[in-house]
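Chain residues, written in single-letter form:
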Amino acid sequence: MKSLLTTTRVATLALGLAISTPILSHAQKGYKPTKENLAAREQFRNRGFGIFLHWGLYSMFAQGEWYMTNANLNHAEYAKSAAAFYPAQFDAAKWVAAIKASGAGYLTITSRHHEGFSLWNTKYSDYNIVKATPFKRDILAELRDECRKQGLGFHIYYSLLDWTRDDYYPIGRTGRGTGRTTHGDWKTYDAFMNDQLKELVQDYGAEAIWFDGEWDQDENPGFDWHYDKMYAGIHALNPACLIGNNHHGEVHEGEDFQMFERDVPGANTAGLSGQSISKLPIETCQTMNGMWGYKIVDQNYKSDTTLIRLLVETAGRNANLLLNVGPEASGVLPATAIDRLEKIGRWMKTNGVTVKDGVREGIIPPQEWGVTTQKGKTLYLHILSWKSRMLSLPLTQKVKRVVAFESRKPIPYQQTKAGLTLTFDKAPSEANAIDYIVEVTLQ
């Protein structure tokens, strides 16, 4: 994933990604999701909100997850940092508890980012948390066990590219200054990836695989990632395992959910989400500050109001929010990130029923004042910005009752063939600075 580096690079890069000409993907042909997979998709939708964790050796440098390629560091020298990686304060139980308290229903952890270092005891590379560091503990196994214990979904991010291996060839448009002077055979890299993915699905119980990096080969038209074999292999091991791929293009066959980056579905302010919205479950990922991996100078955190509204706006577009935290090298979550999780959690305790657990986008599409969500006959109006005491809605379905969600106080309304008009004691933006929620019961 990519940090915000410079204004020129932001125009083309984010999360380490860029939009470009499509490459040959060979997705899983004739894919028909099983009943188990369809049930997993609904569970994913119901969870509504997840926390992204970007963690690896790059946290030691405190320069973000793209430090190796941005600084053109020799990968062999960079790898020596593993000998000093000892996150003594890492506590999987505390991490999962903090995430659960935020109201999130799942976490997604970077098992292997573009730097090539694996956060689990993989049999297929000694460059991992157990074999290459003095820490000697399996991060993924500990997080998986805590997610199961505390009732969170466990999703795993996996990078398709690698800035260290010479068999990742042809070299993509990133990592060109990391000291790879020879090249191996792509077939060995392809086998390596599929072996690792088998471990993650079969041995580590990944409920979803979150791919990233297809964009790295966008300058090599016709490049084949062999998704047909990769996706089919994952589904064969566990039909319920969901596959998503952050390629910024149209959904490939065999994928079970669609991703949008740094934007709510339908928007493209970051230049990374111009693809059409599919009928699959949808997830949009966003940072709390500017970076994905920990960067010591990046303290420009979004406010709790901004993050809660992002969660609401995402839910109002029938999507999950995957909100990122970049843990520090010591193994702790940054204090400001913990503060934001706690504040989101307090809001979710009261209002979470309006954005998750079976709630979907409402029958009224996003409006200038906000969005709607809905569960059955209950429609929630999330009024995020409205300075008038009156609000007219394009709602012609007959209404049984209208109340303020928090106070349960009835809100006067008039309904005609043209729609519904509400009258408030004072403007919603004055009554609640974050999200004024109106509960409308339909007949």
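Values in this document were obtained by computation on a predicted structure and should not be read as measured data. (Residues numbered from 1 in each chain as written. Predicted model: local features only at pLDDT ≥ 70, side-chain atom pairs only at ≥ 80, totals over all residues. Heavy atoms only, no water.)

For the nonpolar core, give the residues involved together with the corresponding values.
Ranked by size, the top nonpolar core spans 85 residues in total, and within it I209 and F211 carry the most contacts. Considering every element that reaches this core, the biggest residue donor is helix α8 (residues 186-203), with 7 residues. Among residues more than four places away in sequence, those in contact with F211 are Y158, L160, L197, M230, Y231, I234, I243, G244, N245, N246 and M259. (Core = buried A, V, L, I, M, F, W, Y, C linked by side-chain atoms within 4.5 Å. Buried < 20%, exposed > 50% of the residue type's maximum accessible area, 1.4 Å probe, protein only. Helix = DSSP H or I, 4+ residues; strand = E, 2+ residues; numbered from the N terminus. Contact = heavy atoms within 4.5 Å.)

Residues and numbers for α8, please.
The first and last C-alpha atoms of α8 sit 25 Å apart over 18 residues, in line with the 26 Å expected at 1.5 Å per residue. Of the residues making up α8, those classed as buried are W186, Y189, D190, F192, M193, N194, Q196, L197, E199, L200 and V201. On the buried face of α8, the contacting elements are β2 (106-112), α7 (139-150), β3 (153-159), β4 (208-212) and α9 (227-237). Once α8 finishes, G205 follows within two positions and takes phi at roughly 65°, a positive value. (Expected span 1.5 Å × (residues − 1).)

For the pattern of salt bridges, give the residues involved together with the corresponding values.
Tallied over the full model, the rule gives 20 salt bridges. Put simply, D256 and R41 hold a salt bridge, and the shortest N to O gap is 2.9 Å. With D256 in the loop between β5 (242-245) and β6 (258-261) and R41 in helix α2 (residues 35-47), this pair connects stretches of sequence that are 215 residues apart. Across the pair, exposure class does not vary: D256 and R41 are buried alike. K343 is paired through a salt bridge with D339; the nearest N and O atoms lie 3.3 Å apart. Taken as a pair, K343 and D339 lie in helix α11 (residues 335-351) at a separation of 4 residues, close to a single helical turn. Look at K343 and you get partly exposed, because its relative accessible area is 28%. Exposure remark for D339: the relative accessible area of 24% places this residue in the partly exposed category. Put simply, E42, R45 and R360 are held in one network by salt bridges that share partners. (Salt bridge = Lys/Arg side-chain N within 4 Å of Asp/Glu carboxyl O.)

Keep in mind that these numbers describe shape and distance, not what the molecule does.
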